[in-house]
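Given next are the chains, with one letter for each unit.
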Amino acid sequence: MHKHHSALGLATAHRPVNPVTLIRPHAARRAARFFVEKFPGKTLYAVKANPSPDLLRILWESGVTHYDVASIAEVRLVRETLPGAVLCFMHPVKAEEAIAEAYFTHGVRTFSLDSMEELHKVSRATKGAPDLTLCVRLRVSSEHSKLSLASKFGIAPGEAKELLFAARQVADALGICFHVGSQAMTPDAYAQAMERVRQAIVDAAVTVDVIDVGGGFPSSYPGMEPPPLELYFETIHRAFESLPVSYSAELWAEPGRALCAEYSSLVVRVEKRRGDELYINDGAYGALFDAAHVGWRFPVSLLRELDSRAKDMAFSFYGPTCDDLDHMTGPFMLPADVQAGDYLEIGMLGAYGCAMRTGFNGFGKAEVVEVTDEPMVSLYTATEREVASNVVKL
């Protein structure tokens, strides 16, 4: 793997024809240490956000020992990459064969579920194993998050009594998990979800050993500047301490985006300009899936040796394929004199960027280069956290 100091240096020195993925191992290490040292419980990395083996090793070396896997392919990947990792199969609907392989071949002991059908499936597939940790997933609101995860999975708290009671009879350890949605913009999302957990525990009158608050921890994007993550941790800890759970109960979280968003960015070339539309060499079928399909705005920067003196204006992007859907509306703010042949850096693509890349239309390949400069935005540097803290106080 090539190494370079910065995105600007790479663009000006090499003028790459194809997109280049920039990785920043130091940013991933910093995020991992932040969670390991500050979250008041156990951190499980959500592998789906970025399954890069290199990233998995970085997180492991930085103290993340538990991994949230959602498929048998992710189970195999993490077990091969990190033989000592603890794997938690947190997809609530799994193939029986996948459960059996996970348990008997790869040593997985933790499974999530949200129905009696899945509970019976796990019991059959593990042959009535006595050492299971079973986490019942509750449905909670996604009203405070940018992407909802409230429809597909989760049992309503008022309907969870029978399932919690049945799971308690089978499990060595019983857990309750939930997901407030991706990019939760306020700690209140977790406080409200914990109240639903309280209701479910009281209704079922069961002893609970694990509370898993799932993912949703945010990163910073244009128009989405969250409060400091410490406020999320404090809110979660207060709510956990007040729950009627066993004395030795554990608190878990499953950050994905928050651990890997700052790890990667993308250098692209402008192939054509048409008014306020820029045709670039990556797009909806590459690392910019979210920009196209859910209107996600990423930080962008023009990479020129001499800074442009033109005022910023709003642009949209077209990707390289022949598909009209390969369109990212933005707006992406760039100097008004940007033109064909210019290079752009698109930041915060460590989460759900390369993980979503396809080879559609013959595009999709990107060289990977390690750089040592800072990510375009960070929630983990002192300056950024101080600014966020002051915004909260105001």
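We now turn to the structure provided with this report. (Residues numbered from 1 in each chain as written. Predicted model: local features only at pLDDT ≥ 70, side-chain atom pairs only at ≥ 80, totals over all residues. Heavy atoms only, no water.)

1. Digging into the overall build of the protein chain
And then number 1: Helix and strand counts for the protein chain come out as twelve helices and 19 strands.
And then number 2: Here the C-alpha radius of gyration of the protein chain, 22 Å, is about what a compact globule of 394 residues would show, namely 21 Å.
And then number 3: Here the C-alpha coordinates of the protein chain stretch approximately 65 × 50 × 40 Å along the principal axes.
And then number 4: By the burial criterion, 56% of the 394 residues in the protein chain qualify as buried.
And then number 5: Partitioning the contacts of the protein chain with sequence separation of at least 6, the portion at a separation of at least 24 is 73%.
And then number 6: As presented, the protein chain carries roughly 16600 Å² of accessible surface, and 52% of it is formed by carbon and sulfur atoms. (Helix = DSSP H or I, 4+ residues; strand = E, 2+ residues; numbered from the N terminus. Rg over C-alpha atoms; globule rule 2.2 N^0.38 Å. Buried < 20%, exposed > 50% of the residue type's maximum accessible area, 1.4 Å probe, protein only. Contact = heavy atoms within 4.5 Å. Areas by Shrake-Rupley, 256 points an atom, 1.4 Å probe, with all protein chains shown as cover.)

2. Topic: the state of the cysteines
And then number 1: Taken as a whole, this structure holds zero disulfides when the rule is applied.
And then number 2: Here Cys88 stays unpaired: no disulfide links it, and the sulfur of Cys135, its closest cysteine neighbor, is 7.3 Å away.
And then number 3: There is no disulfide at Cys260, and the cysteine sulfur nearest it, in Cys354, is 10 Å away.
And then number 4: Residue classification places Cys260 among the buried positions, given a relative accessible area of 0%. (Disulfide = S-S within 2.5 Å.)

3. Concerning the packing of aromatic side chains
And then number 1: Evaluation of the coordinates by the stated rule reveals 18 aromatic pairs.
And then number 2: Note on Phe35 and Phe233: the rings are 5.1 Å apart at their centroids and 70° apart in plane angle, and the pair reads as edge-to-face. Here Phe35, found in helix H2 (residues 25-38), pairs with Phe233, found in helix H9 (residues 229-241); they are 198 residues apart in sequence, far enough to count as distant.
And then number 3: With relative accessibility at 0%, the residue Phe35 sits in the buried group.
And then number 4: Taking 4.5 Å as the distance between ring centres and 45° as the angle between the ring planes, the aromatic pair formed by Tyr285 and Phe360 counts as tilted. Separated by 75 residues along the polypeptide, Tyr285 in the loop between strand E14 (277-280) and helix H11 (289-293) and Phe360 in the loop between strand E18 (343-346) and strand E19 (367-371) bring together distant segments of the chain.
And then number 5: The structure contains a cluster of three or more aromatic residues connected by ring pairs, namely Phe34, Phe35, Phe39, Tyr190, Phe217, Tyr232, Phe233 and Tyr380.
And then number 6: Directly above the ring of Tyr103 sits Arg109, whose terminal nitrogen or CZ lies 3.7 Å from the centroid. (Phe/Tyr/Trp six-rings, centres within 6.5 Å; stacked < 30°, edge-to-face > 60°. Lys NZ or Arg CZ within 6 Å of the ring centre and 35° of its normal.)

4. Thoughts on the pattern of salt bridges
And then number 1: Enumeration over the complete set of coordinates arrives at 18 salt bridges.
And then number 2: With a shortest N-O distance of 3.0 Å, Glu37 and Arg33 are connected by a salt bridge. Residue Glu37 and its partner Arg33 are located together in helix H2, separated by four residues, close to a single helical turn.
And then number 3: In this structure Glu37 comes out as exposed when scored by relative accessible area, which is 55%.
And then number 4: Between Asp337 and Arg304 there is a salt bridge whose closest N-O contact spans 3.2 Å. In this pair, Asp337 sits in the loop between strand E17 (327-335) and E18 while Arg304 sits in the loop between strand E15 (300-303) and strand E16 (312-318), placing the two residues 33 residues apart along the sequence.
And then number 5: Using a relative accessible area of 17% as the deciding quantity, one classes Arg304 as buried.
And then number 6: Bridged by salt links that share partners, the residues Arg24, Glu345 and Asp373 form one connected network. (Salt bridge = Lys/Arg side-chain N within 4 Å of Asp/Glu carboxyl O.)

5. A short note on the nonpolar core
And then number 1: Residues Tyr45, Tyr67, Ile211, Val213, Phe217 and Phe317 are the most contacted members of the largest nonpolar core, which totals 112 residues.
And then number 2: Considering each element in turn, this core owes the most residues, eight residues, to helix H8 (residues 188-204).
And then number 3: Setting aside residues up to four positions removed in sequence, Val213 forms contacts with Phe39, Phe178, Tyr190, Met194, Ile236, Leu251, Trp252 and Ala253. (Core = buried A, V, L, I, M, F, W, Y, C linked by side-chain atoms within 4.5 Å.)

6. Some points on helix H6 (residues 116-125)
And then number 1: Along H6, the residues that are buried comprise Glu118, Leu119, Lys121, Val122 and Ala125. Take H6 and look down its axis: the buried residues cluster within an arc of 160°, on one side only. Opposite the buried face of H6, at more than 90 degrees from it, the exposed residues are Glu117 and Arg124.
And then number 2: Looking at the buried side of H6, the elements it contacts are helix H5 (96-104), strand E6 (110-113), strand E7 (133-137) and helix H7 (161-170).
And then number 3: One or two steps after H6, the chain reaches Lys127, where phi turns positive at roughly 55°. (Arc of directions from axis to C-beta.)

7. A word on the pairing of strand E12 (residues 250-253)
When a strand is regular, its side chains alternate between the sheet's two faces.
And then number 1: Across two bridges, the pairing between strand E3 (residues 42-46) and E12 is parallel. Bridged to Thr43 within E12 is Ala253.
And then number 2: Relative to E12, strand E11 (residues 210-212) runs parallel, the two sharing three bridges. Each residue of the ladder has a partner; that of Asp212, found in E12, is Trp252. (Pairing = 2+ DSSP bridges.)

8. Details of the sheet that holds strand E5 (residues 86-89)
Strand pairing in a sheet relies on backbone hydrogen bonds. The paired strands run either parallel or antiparallel.
And then number 1: Ordered by their spatial adjacency, eight strands build a closed barrel running E3-E4-E5-E6-E7-E9-E11-E12, and the pairing between neighbours is parallel. Adjacent strand axes in the sheet meet at a mean angle of 25°, parallel and antiparallel pairs treated alike.
And then number 2: Bridge count between E3 and strand E4 (residues 66-69): three bridges; the pairing is parallel. Looking at E4, one finds that Leu44 is bridged to His66. (Axes fitted to C-alpha atoms, helices over the stretch in contact; angles between N-to-C directions.)

9. Some points on the environment of Ala73
And then number 1: Mapped onto the secondary structure, Ala73 falls in helix H4 (residues 72-81).
And then number 2: The partly exposed category is assigned to Ala73, whose relative accessible area is 49%.
And then number 3: The spatial distance from the C-alpha of Ala73 to the C-alpha of Ala98 is 9.1 Å, given a sequence separation of 25 residues.

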